[in-house]
Amino acid sequence: MNQTQLLASLTRYIAEEILEGEAEELLPSTPLLELGILNSLETARMMSFIEKQYGITIPADAMRVENLTTLSAITAMVETCAQASQR
């Protein structure tokens, strides 16, 4: 999985599943937590999607606020978890 595809997939997920298609201004740097786009329930649903979609496990210690602030941060966290699971 490359970073561009992963970012596009996560953006599409948030646009369709959380924002119900209202995501014209959703950028990699959009502050998801600050704007209330992600809350605890939506974060759990998104992590479940990521784990199923990419066949990886997101460990609890990766679920830090700084890893969930933006699409870019989430993408980086997923990439790190995917690389760790391939070792």
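Here is a short report on the structure shown in this document. (Residues numbered from 1 in each chain as written. Predicted model: local features only at pLDDT ≥ 70, side-chain atom pairs only at ≥ 80, totals over all residues. Heavy atoms only, no water.)

This part is about unusual backbone geometry. The phi angle at Glu-20 is positive, at roughly 50°, despite the residue not being glycine. In this structure, Glu-20 sits in the loop between α1 (3-18) and α2 (40-54). (Helix = DSSP H or I, 4+ residues; strand = E, 2+ residues; numbered from the N terminus.)

The next subject is the side chain of Thr-75. Its location among the elements puts Thr-75 in helix α3 (residues 71-85). Setting aside its immediate chain neighbours within four residues, Thr-75 contacts Gln-3, Leu-6, Leu-7 and Leu-10. (Contact = heavy atoms within 4.5 Å.)

In this section: α1. Under the 1.5 Å per step criterion, the end-to-end length of α1 is 21 Å for 16 residues, consistent within 8% with the ideal 22 Å. Every buried residue of α1 is listed here: Leu-6, Ser-9, Leu-10, Tyr-13, Ile-14, Ala-15 and Ile-18. Of the residues flanking the end of α1, it is Glu-20, one or two places downstream, whose phi is positive at about 50°. (Expected span 1.5 Å × (residues − 1). Buried < 20%, exposed > 50% of the residue type's maximum accessible area, 1.4 Å probe, protein only.)

Here the focus is the packing of aromatic side chains. Applying the stated criterion across every chain, the model contains one aromatic pair. A centroid spacing of 4.5 Å and a plane angle of 20° characterise the contact between Tyr-13 and Phe-49, whose relative ring orientation is stacked. In this pair, Tyr-13 sits in helix α1 while Phe-49 sits in helix α2, placing the two residues 36 residues apart along the sequence. A residue is classified by how much of its surface remains accessible, and Tyr-13, at 8% relative accessible area, is buried. The exposure class assigned to Phe-49 is partly exposed, which follows from its relative accessible area of 21%. (Phe/Tyr/Trp six-rings, centres within 6.5 Å; stacked < 30°, edge-to-face > 60°.)

In short, geometric facts, not functional conclusions.
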